[in-house]
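# Structural overview
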2 protein chains.
Amino acid sequence: MSAQAIGRLNHVGIAVPSIEAGLKVYRDLLGGRVTREPFDLPAQGVRACFVDTPNCQVELIEPLGAESPIAKFIEKNAAGGQHHVCFEVADIHAAKADFEGRGVRVLGEPRIGAHGTLVFFLHPKDMGGTLIEIMETPEGAH
Amino acid sequence: MSAQAIGRLNHVGIAVPSIEAGLKVYRDLLGGRVTREPFDLPAQGVRACFVDTPNCQVELIEPLGAESPIAKFIEKNAAGGQHHVCFEVADIHAAKADFEGRGVRVLGEPRIGAHGTLVFFLHPKDMGGTLIEIMETPEGAH
């Protein structure tokens, strides 16, 4: 039995060489809605843009600056590709303690994410090869 | 303006070396719910298991047989990783005609997918590097 139940899948993170290239796919070809302008997340080294689907979002991220943590990903995957999956939790600090207590490596301290609430990432080597983001549920989001 | 609006994000497809390894992450560590036993999808060369989150699903897929289309993915990513993203559409044939009309390569003819409705995949090179599955909305699913 797990110590916590998974929350909503908030978004799928897709790395793209440019937000414009990503919008051509997720807005123009797939018809997703964009209600918020792209914005910089300097603390995470990315520029981001959310595309809405009826039940969750796609987060397009392009490298911001030469030190961007996704620069290498784009070097290897020039067209872009799936980068991470983000699930919500009710309490970010309880979630961090819970994961660590079960031997899962949390990458750094919780920090403010794209939706204005605290987030952290889990080490892909402890999570079946996938980079998992954990986000405290944004207030009034649902 | 897009000819169609994106439907629900039905699931994120995660390739795993074994369903059991995937369940250790998505059921045991993240607390997702599994309400249906793993099952073989021989037409797609995978064994699959769905893990439920409150708003969509994670589809764990392990290679089924030596000719599995995901065998090479697991060779390159031994621990597994994000494999595809599946969006729903109301009419699979209209969606196919629409994508093809806009120059997006549809991989093969629509075929019965894991939820019993018709699905097809779009060429990652036409979709920003990500393998996108399009699924006709399962009846009574929502």
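Our structure is the block above this text.
Residues numbered from 1 in each chain as written. Chains lettered and ligands numbered in written order. Predicted model: local features only at pLDDT ≥ 70, side-chain atom pairs only at ≥ 80, totals over all residues. Heavy atoms only, no water.

Our next topic: the interface of chain B and chain A. Taken together, the contact pairs 41 residues of chain B with 41 residues of chain A. Carbon and sulfur atoms supply 64% of the area that chain B and chain A bury against each other, a total of about 3,100 Å² over both sides. Taken as a group, Leu29, Leu30 and Gln82 of chain B account for 22% of the area that chain B buries against chain A, more than any other trio of residues on that side. The interface formed by chain B and chain A includes 13 residue pairs in polar contact (both at pLDDT 80 or more). The set of elements that each furnish at least two residues to the side of chain B that touches chain A consists of strand 1 (9-15), helix 1 (19-29), strand 5 (81-89) and strand 8 (132-136) of chain B. A total of six residues in the side of chain B that touches chain A trace back to one element, the largest contributor, which is strand 5 of chain B. When its residues are assigned to classes, the side of chain B that touches chain A shows 20 nonpolar, 15 polar and six charged. (Contact = heavy atoms within 4.5 Å. Buried area = accessible area lost by both parts, 1.4 Å probe. Polar contact = N/O pair within 3.5 Å; in protein donor to acceptor, adjacent residues only side chain to side chain. Helix = DSSP H or I, 4+ residues; strand = E, 2+ residues; numbered from the N terminus. Nonpolar A, V, L, I, M, F, W, Y, C, P; charged D, E, K, R; others polar.)

Note on sheets: strands pair through backbone hydrogen bonds, and any given pair is parallel or antiparallel. Residue and element names in this part refer to chain B. Within the open sheet, the eight strands sit side by side as 2-3-4-1-5-8-7-6. Their pairing is mixed. Strand pairing shows two members of the sheet lacking a second neighbour, strand 2 (39-41) and strand 6 (106-112), which therefore form its edges. Strand-to-strand twist of the sheet, defined as the mean angle between neighbouring strand axes without regard to direction, takes the value 30°. Of the strand pairs in this sheet, strand 7 (residues 118-122) and strand 8 are connected by four bridges, and their pairing is antiparallel. Counterpart to phenylalanine 120 in the pairing with strand 8 is isoleucine 134. Helix 1 contacts strand 1, strand 3 (46-52) and strand 4 (57-63) of the sheet and is inclined by roughly 155° relative to strand 4. (Pairing = 2+ DSSP bridges. Axes fitted to C-alpha atoms, helices over the stretch in contact; angles between N-to-C directions.)

Residues and elements named next belong to chain A. Here the structure, examined in full by the defined rule, presents 14 salt bridges over all chains. Glutamate 100 serves as the salt-bridge partner of lysine 96, at 3.3 Å between the closest nitrogen and oxygen. Here lysine 96 pairs with glutamate 100, and both are found in helix 3 (residues 92-101), just four residues apart, close to one helical turn. Here glutamate 100 falls in the partly exposed class, since its relative accessible area comes to 39%. We note a salt bridge from aspartate 126 to arginine 105, for which the minimum N-O separation is 2.9 Å. Of this pair, aspartate 126 sits in the loop between strand 7 (118-122) and strand 8 (132-136) while arginine 105 sits in the loop between helix 3 and strand 6 (106-112), placing them 21 residues apart in sequence. One network of salt bridges, in which partners are shared, links Lys96, Glu100 and Glu109. (Salt bridge = Lys/Arg side-chain N within 4 Å of Asp/Glu carboxyl O. Buried < 20%, exposed > 50% of the residue type's maximum accessible area, 1.4 Å probe, protein only.)

Screw-axis analysis of chain B against chain A gives a translation of 0.0 Å along the axis, an RMSD of 0.0 Å, and a rotation angle of 180°. On this basis, the relationship between the two copies can be described by a two-fold rotation axis. With an isologous cut-off of 70% or more, the 100% of interface residues of chain B that recur at the interface of chain A puts this contact in the isologous class. (Least-squares fit on C-alpha atoms with pLDDT ≥ 70 in both.)

Once that is clear, we can look at the packing of aromatic side chains. Summed over the entire model, instances satisfying the criterion amount to four aromatic pairs over all chains. Aromatic pair phenylalanine 99 of chain B and phenylalanine 120 of chain B: ring centres 6.3 Å apart, planes at 85°, arrangement edge-to-face. Placement of the pair is phenylalanine 99 of chain B in helix 3 (residues 92-101) and phenylalanine 120 of chain B in strand 7, with a sequence separation of 21 residues. Phenylalanine 120 of chain B matches phenylalanine 99 of chain B in its accessibility class, with the two residues each being buried. When the ring centre of phenylalanine 39 of chain A is taken as reference, the NZ or CZ atom of arginine 36 of chain A above it lies at 3.8 Å. (Phe/Tyr/Trp six-rings, centres within 6.5 Å; stacked < 30°, edge-to-face > 60°. Lys NZ or Arg CZ within 6 Å of the ring centre and 35° of its normal.)

Interpretation note: all reported values are geometric properties and have no functional meaning in isolation.
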